[in-house]
Structure formats: structure tokens, C-alpha cells
Number of protein chains: 2
Amino acid sequence: MPPRSYVSPARSAAAAETRERVIEAASRTLREGESIARFSLDTVAKAAGVTRLTVYNQFGSRRGLLEAVFDEIARHGGLHQLADAMTTADPRAGLDRMVEIFCGFWSRDSAVGRLHDAMATDPEFAEAVRERNERRRRGVAGLVDRIAARQASPQARKDAVDLIFALTSYPTFASLSAAGRSRDEVCRVVQAACHAALANLSDPSS
Amino acid sequence: MPPRSYVSPARSAAAAETRERVIEAASRTLREGESIARFSLDTVAKAAGVTRLTVYNQFGSRRGLLEAVFDEIARHGGLHQLADAMTTADPRAGLDRMVEIFCGFWSRDSAVGRLHDAMATDPEFAEAVRERNERRRRGVAGLVDRIAARQASPQARKDAVDLIFALTSYPTFASLSAAGRSRDEVCRVVQAACHAALANLSDPSS
DNA sequence: AGATTGGATATACATTATGTATATCTAATT
DNA sequence: AATTAGATATACATAATGTATATCCAATCT
């Protein structure tokens, strides 16, 4: 007797809905909690009105849930605008725009900060986030290449790319924010630092 | 019958020695472990050849142990050279020296990276580390003030201080290191970025 | 020398998390 | 009406932090 499996529109729709509800509850818990330490699947399940086992059914593990939350935030975080920034005629303007987009991304949902905290305790989750960040690095590299053309050594270009990558990272954003700046003020400071990094590119005086 | 308490040189010396041994075992465990997730008091106690309860006797809690390890690393990390850097005649040279000192500090013992990871799960430990970092911020502020004198607005100076503070932080060092740089190469990149931040100070063109 | 004390140990227990296993329930499909 | 997917209920294994209590031993005090 072969198992007669089937796909059910209603079932999978309902499952997708509970999935959404769990993700929503998880990001809310991350947002409202003081620390990632308090983030337990028990709390999330209760907040979502489901059982802890349902969370495991949907996401497999704590890590799976965190990745799903990260992807959900990324989906609604305005990162789709990056394509525009990358193809801007003036690559310097494109970089400014990129900084703006990422400042918006890091500040939009405070759960991203907690997700970065989760990287500390879960190496595989950290790796997953790092892979997603590589997109940013490639974006920076593309713009720097367009800006620098061949008027700078490969090493100088790599320095600029890695420095700008660090400047547009979440830790830098968090550090500048903690010093009492609004999103726009942080954006301005980071943009200026990126300009300086590009200036050093053509004039590596020191 | 009043309790006749006493102080014992031999006893406290032995206690101090076990304390040292536990701290050593803890930093070794942090250094060798892949992630802070694996760092348990059980492991440390075994590595030190004592009982887990002894760790609690000496440090009170996991957090207490982590703070003790951090302070121990700071003591042997070369930060005492900061006083020299601060009082260097040329404040720009002093800042270069400061960057050098911190690159040395962040790279000397890989346990510091794990300790920064621990900040994510223990808010009070994070606060303790942040307080210790404030010394770095004050150092930067002092040097920037000497460099800028009154040729720049307070806001521009604050921007420079906060940016240099972020540039000399552990996350920035780790990011640039992960891109495949030696300690000295990271140092060079960070120094150049700091120079640029100072240049923006007197010429806030963008 | 004998009583006492500080530090380490032994053992036990409470609590909280993650993750797995098994059986059951219910509503959607065949 | 039988079956199936997704959710639940219950139970269990494991590991970690932290607390409580009693004991042991060597260093001190009288």
C-alpha cells in the first residue's frame, strides 16, 4: 500500500500563516526583550499562541527560527533599493546611497541588534549572517572598483573596501548610535568616513 | 563566645594561587574553544583541577569569572603604555601610538574576542566591559582636543572622537583581521582612517 | 596540644533551555 | 470513510547556572 500523499492548499496556507505568526512573535520578543539571553522558544511559542513543538515543526531549531526572522527583517528592510544604488551613474553618489540604505536597515528594527548578539553564541548562525553580509561586501567592492578604476593599487583598493565594509557594519552603526546620534546623524558621519577612505585611495600619503 | 577570626598568610596565598590557576584555565579554555557557547564553569573547573564550587567561592558567578579574566588580560595586555601615548608631545603621533597599542591588545590574546562575545548574553558583563572601554574613549577625546584645539566645532570634534572610538574598537579590528590582515596591516589601515577622520575635522567639506 | 577557622570538597537539589520521541487530535483531501 | 498534514500533549534526555548543607583538612589562635 503506497502512501497516498497530497498537497493541500488550505493546510499549507494555514501552516504558512502560523509560520508568519511565530516569526512575528519572535521578532517582537527580540525587540522588546532586553537581551538575547531572555529569548527562549518557550516565550516565543507562548507569544505566538502555539506550542513549542510547533516552532520545532516549522523551523527545526532555535537557529532555524533566528535565520527565518533575519530573512524576514531583510525582506522588509529596504535592501531591495541596493540594486538602484549599485547602478547609479555616479558611483560616489551610489556609495552614499548605500550607506543611507544600511543605516536605515540597521535602525529600522531593533531586533537586528539582538540577532547580531545571537551570532556570539551560535557559530553556525553567525556563519549564516556573515554569508548574507557578503552581499554588502560585494556591493562595496563593485562601487570602489568603479570609483578607483586603475588609478590605485589592488592593495589600496582592498583596504578601502574592507574599511568601508567595517564602517557600514552593524557594530559601527551601534557604536555611533550609542554615542547619542539619530539615524541620519550616524549616516552623515559614516558617509564622511567613507569619503575619507576613498580620498586615501588616490593619495595614500600616510 | 565571640568568633575569633584571623587572617592567614599561608591560606590567602594558597587561595590566591588557586584563583590564578582558575583564571589561567578560564582564559585558556576561551582561547582554545571555538565559541563562548562551549565555555562552562564545569570545563574551566576541570581544566584548573578544582571543583566547580571552588569557582563559585572565588568569583561568585560566571560573570565574576569573566570579569576577572578580562582584568587579567588587560593587566598583561600592554595598556599601561597608554599613559606614554597620551602625553606624547605630538598628539597625532600619540594617536598613532594609541592605535598601535590597541591593535596589540586586541590581537595578543584571542580570549578577548570570546569575552566580547560574552557581552551578548550577559548584559551586566557587557556594561562592565563598556565601562572599561570608556577609558579608551577619554583617551581619544583628550588627544583629539589637543589636536583640534579650537579650530573646529564641538560637534565636529565629537564626531571625530566617536568615529575614532569605533575605529579602535574590537569589532573593527576583528572585521579587518577577518579580511586576511596581520596585526600590523590592520594597524596601518586603522591609523590611516584615523588620520582621515582628523582631516575631516578641519575641512568638513562633505 | 587542643579548639577553631578558612578554603576546598562532596553531594544533592532547583531551575531553565534545547532538543528528541511517541501518541493523539482535528480538519482538509482522496 | 479512510487517510494525511499540521498541531498538540506528554514525557524524557541532556546540559548549564546557581544554591544549600555537611564534611574534610591544614593553618592559626589560645
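Description of the overall build of chain A
For chain A, the helix and strand inventory stands at 11 helices and 0 strands. Starting at the N terminus and walking to the C terminus, you meet the elements of chain A as α-α-α-α-α-α-α-α-α-α-α. Along the first, second and third principal axes, the C-alpha set of chain A runs to 75 × 45 × 25 Å. Looking at chain A alone, contacts between residues at least 24 apart form 68% of all its contacts between residues at least 6 apart. Charged side chains of chain A number 29 positive and 26 negative; the gap between the two group centres comes to 3 Å.

Let's talk about the protein's contact with DNA strand C
Close to DNA strand C lie 28 residues, the nearest being A10 of chain A together with Y6, R11, T18 and T54 of chain B. In DNA strand C, atoms within 4 Å of the protein come 63% from sugar and phosphate. R11 of chain B places a side-chain nitrogen or oxygen 2.7 Å from a base nitrogen of DNA strand C. Of all the secondary structure elements, the ones that give two or more residues to the surface near DNA strand C are helix 1 (9-32) and helix 3 (52-59) of chain A together with helix 1 (9-32) and helix 3 (52-59) of chain B. Tallying contributions element by element places helix 3 of chain B first for the surface near DNA strand C, with 4 residues. Classifying every residue of the surface near DNA strand C gives 12 nonpolar, 10 polar and 6 charged.

Describing the relation of the copies chain B and chain A
Under the fitted operation, chain B is carried onto chain A by 0.0 Å of movement along the axis and a turn of 180°, and the coordinates agree to an RMSD of 0.0 Å. With respect to symmetry, the two chain copies, as superposed, fit the operation of a two-fold axis. Across chain B, the rotation axis passes nearest the C-alpha of A196 of chain B, at a separation of 2.7 Å. Here 100% of the contact residues of chain B are again contact residues in chain A; the copies associate through an equivalent surface.

Structural notes on the protein's contact with DNA strand D
Inspection of the region around DNA strand D gives 28 residues, with Y6, R11, T18 and T54 of chain A together with S8 of chain B positioned closest. The sugar-phosphate share of atoms of DNA strand D within 4 Å of the protein amounts to 64%. In this structure, a base nitrogen belonging to DNA strand D sits 3.0 Å away from a side-chain N or O atom of R52 of chain B. Between Y56 of chain B and DNA strand D, the recorded distance is 3.4 Å, taken from a side-chain N or O atom to a phosphate oxygen. Residue assignment for the surface near DNA strand D shows that the elements contributing at least two residues are helix 1 and helix 3 of chain A together with helix 1 and helix 3 of chain B. Among the elements that take part in the surface near DNA strand D, helix 3 of chain A stands out by supplying 4 residues, more than any other.

Here's the deal with the nonpolar core
L65 of chain A together with L65 of chain B are the most contacted members of the largest nonpolar core, which totals 126 residues. When residues no more than four places from it in sequence are discounted, the contact partners of L65 of chain A are V22, A26, F39, L41, V44, V55 and F59 of chain A.

Regarding the environment of A26 of chain B
Residue and element names in this part refer to chain B. Residue position: A26 is located in helix 1. On the accessibility criterion, A26 (0% relative accessible area) is buried. In this structure, A26 is in contact with F39, V44, L65 and V69, ignoring residues within four places of it in sequence.

Thoughts on the pattern of salt bridges
As enumerated under the stated definition, the model contains 38 salt bridges over all chains in all. R28 of chain A is the partner of E24 of chain A in a salt bridge, and the nearest nitrogen-oxygen pair spans 3.3 Å. Of this pair, E24 of chain A and R28 of chain A both sit in helix 1, 4 residues apart, which is roughly one turn of that helix. With a relative accessible area of 38%, E24 of chain A lands in the partly exposed category. Accessibility expressed as a relative area gives 30% for R28 of chain A, which makes it partly exposed. In this structure, R97 of chain B and E100 of chain B form a salt bridge, with 3.5 Å as the shortest nitrogen-oxygen distance.

With respect to the domain arrangement of chain A
All names here are of chain A. We note that the domain assignment places domain 1 (9-62) and domain 2 (77-202) within chain A. For domain 1 versus domain 2, the separation of C-alpha centres amounts to 30 Å. Between domain 1 and domain 2, the contact holds 7 residues from the first and 7 residues from the second. Both sides together, the interface formed by domain 1 and domain 2 hides about 590 Å², and carbon and sulfur atoms give 58% of it. Ranking the residues of domain 1 by area buried against domain 2 places L30, R31 and I36 at the top, with a combined share of 76%. Counting every contact that joins domain 1 to domain 2 gives 1 salt bridge. With a shortest N-O distance of 2.9 Å, D109 and R31 are connected by a salt bridge.

Scoring rules and cut-offs
Numbering of residues begins from 1 in every chain and follows the order in which that chain's sequence is written. Labels are handed out in written order, letters beginning with A for the chains and numbers beginning with 1 for the ligands. The model is predicted, so local features are restricted to residues of pLDDT at least 70 and side-chain atom pairs to those at 80 or more, both for listing and for counting; the totals for chains, interfaces and linings are taken over all residues. Here the side-chain values reflect all heavy atoms present in the structure, with hydrogen atoms and water set aside. Where helices and strands are cited, they refer to DSSP runs of H or I of at least four residues and of E of at least two residues respectively, numbered from the N terminus. Contacts were defined at the residue level, with two residues in contact if any of their heavy atoms lie within 4.5 Å. Under the counting rule used here, the positive set is Lys and Arg, the negative set is Asp and Glu, and His together with the chain ends is not counted. For charged residues, the charge sits on one atom: NZ in Lys, CZ in Arg, CG in Asp, CD in Glu. Any residue with at least one heavy atom within 4 Å of a molecule or strand is counted as near it. Two N or O atoms form a polar contact when they lie within 3.5 Å of each other; inside protein one atom must be a possible hydrogen donor and the other a possible acceptor, and for residues adjacent in sequence the pair counts only when both atoms belong to side chains. Classification used: nonpolar for Ala, Val, Leu, Ile, Met, Phe, Trp, Tyr, Cys and Pro, charged for Asp, Glu, Lys and Arg, polar for all others including Gly. Fitting of the copies onto one another was done by least squares over C-alpha atoms, counting residues only where both copies have pLDDT of at least 70. Only buried residues count toward a nonpolar core. Its members are Ala, Val, Leu, Ile, Met, Phe, Trp, Tyr and Cys residues joined through side-chain atoms within 4.5 Å. Note on classification: 1.4 Å probe, protein chains only; a residue is buried when its accessible area is under 20% of the maximum for its type, exposed when over 50%, partly exposed between these limits. Here a salt bridge means any side-chain nitrogen of Lys or Arg lying within 4 Å of a carboxyl oxygen belonging to Asp or Glu. Delimitation of the domains relies on an automatic or database domain assignment. Throughout, buried area stands for the accessible area (probe radius 1.4 Å) lost by two parts on being put together, summed over both.

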